[in-house]
Amino acid sequence: MSCGDLLEAEVKAYMAPGISNEKKKEDEQSSKGNAIHLCNPHLEKMKEDILYHFALGTGTHDFPALFGDVKFVCVGGSPSRMKAFIAYIAEELGLGDQDGDYPNICAGTDRYAMYKVGPVLSVSHGMGIPSISIMLHELIKLLYHAKCSNITLIRIGTSGGIGLEPGSVVITRQSVDATFKPQFEQVVLGKTIIRSTNLDEELAKELMQCSKEINEFNTVIGNTMCTLDFYEGQGRLDGAICLYNEEEKLQYLKAAYDSGVRNIEMESSVFAAMCNLSGVRAAVVCVTLLNRLEGDQISSSHDILVEYQQRPQKLVGYFIKKSLGKV
């Protein structure tokens, strides 16, 4: 599917919000190919593309030489977590060790951090939809300029669980908004555009199979609710502002559970939407730090939380090893 077709589909979705999920899925699957799609004809007219928030540019860096061999891109909120991941995957792939020196490719900026070892790129995205959106625009352009193909892009992170024991890992089937709809609303030139947030079903199944083979922690496939903030948007009672009661909170979270939601975070919707438009096979893998039906505050010890946060890394690391025939 061409970018023009994708944009036309967006217009139809805007004009007819009831467009079927089946039709959206067909459009997404047909748009996915081996190469990165850039839905921006203006870029072809530019002599140089400056990726400002990465401190990289096509006029100053040889993208194909630096990134052309990338096949797996893992993104997560924290720079330190993504540095730890690249050290972990380097050791798993036999390309280095946990104590090795892995320089930050984006050292010229303090916005994001980026690390690379072999075919794996690890990038931080900060917290929330605006931050990950900016990062993804520049990451997708980076992969395009590097002439990368057959890319698998996975977000690894933390979340609040609903009806799951803390430490459970959720592989996202669909990202849904705060009203449980599988869509991301973007305001462009004053008009609301609705984009689908379905993720690659086969990739989710592959990751689930990897979890079964590891057999170290509970893993489920479920919907992930993506909210605009950490407190009111997620029905917490412990923020600076809260104008609802506990009964209303639990009623909302139970409705989310009944709709198929198993965890809550703040990035998956725009992540899924942008990967769909760019033809990138993508997944979201997050560990749950608490069960929101039982409380709002994260009270587990530091050591337990560190071990929880390593679970998505272990799962995705195993998936990468298996994909490369190293299991």
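That block above? That's the structure.
In every chain, residue numbers begin from 1 and rise along the written sequence. Local features in a predicted model are, by the rule used here, given only for residues with pLDDT of at least 70; side-chain atom pairs are given and counted only at 80 or more, and totals for whole chains, interfaces and linings are based on all residues. Side-chain measures were taken over the full set of non-hydrogen atoms in the model, leaving aside hydrogen atoms and water.

1. Remarks on the pattern of salt bridges
Here comes step 1: A carboxyl oxygen of Asp or Glu within 4 Å of a side-chain nitrogen of Lys or Arg is what we treat as a salt bridge. For the coordinates displayed, the defined rule picks out 12 salt bridges.
Here comes step 2: Note that Lys322 and Glu213 form a salt bridge whose closest N and O atoms lie 2.7 Å from each other. Here Lys322, found in helix H9 (residues 302–323), pairs with Glu213, found in helix H6 (residues 201–214); they are 109 residues apart in sequence, far enough to count as distant.
Here comes step 3: Exposure categories follow from relative accessible area, calculated using a 1.4 Å probe and restricted to protein chains: below 20% of the type maximum is buried, above 50% is exposed, and the middle band is partly exposed. On the basis of relative accessibility, which here comes to 37%, the residue Lys322 falls in the partly exposed class.
Here comes step 4: Using a relative accessible area of 34% as the deciding quantity, one classes Glu213 as partly exposed.
Here comes step 5: As a salt-bridge pair, Arg311 and Glu307 come within 2.9 Å of each other at their nearest N and O atoms. Pair noted here: Arg311 and Glu307 are both in helix H9, with a separation of 4 residues, about one helical turn.
Here comes step 6: Looking at Glu307, the relative accessible area reads 28%, which means it is partly exposed.
Here comes step 7: Each member of the salt-bridge network shares a partner with another, and the members are Arg155, Glu265 and Glu267. Strands here mean DSSP runs of E at least two residues long; helices mean DSSP runs of H or I at least four residues long; both are numbered from the N terminus.

2. Details of the pairing of strand S6 (residues 152–161)
As a general feature of sheets, a regular strand has side chains that alternate between the two faces.
Here comes step 1: For S6, the buried fraction is high: 9 of the 10 residues fall into the buried class.
Here comes step 2: Only strands that DSSP links by at least two bridges are regarded as paired with each other. As paired elements, S6 and strand S12 (residues 281–291) share 9 bridges and run parallel to each other. Looking at the pairing, Ser159 lines up with Thr288 of S12.
Here comes step 3: Alignment of S6 against strand S11 (residues 261–265), held across 2 bridges, turns out to be antiparallel. Bridging across to S11, Gly160 finds its partner in Ile264.

3. Here's the deal with the packing of helix H4 (residues 79–92) against H9
Here comes step 1: Interaxial angles span 0 to 180 degrees and are taken between N-to-C directions of axes, which are lines fitted to C-alpha atoms, for helices over the stretch in contact. Two elements in contact, H4 and H9, have axes separated by 10 Å at closest approach and are oriented at 40 degrees. Between H4 and H9, the crossing angle belongs to the class labelled oblique. Taken as a pair, H4 and H9 cross one another with a handedness that is right-handed. Counted together, Arg81, Ala84, Phe85, Tyr88, Ile89 and Glu92 of H4 and Gln309, Gln313, Lys314, Val316, Gly317, Ile320 and Lys321 of H9 form the full contact between these two elements.
Here comes step 2: Along the lines of polarity and charge, the residues of the contact of H4 with H9 split into 6 nonpolar, 3 polar and 4 charged. The scheme is simple: roughly parallel for angles under 35 degrees, roughly antiparallel for over 145, roughly perpendicular for 65 to 115, oblique for anything else. We call a crossing left-handed when the near helix sits turned anticlockwise from the far one by less than a right angle, and right-handed when that turn is clockwise. Contact definition: two residues touch when any of their heavy atoms are within 4.5 Å. Classes in brief: Ala, Val, Leu, Ile, Met, Phe, Trp, Tyr, Cys and Pro nonpolar; Asp, Glu, Lys and Arg charged; the others, Gly included, polar.

Purely geometric numbers; function is a separate question.
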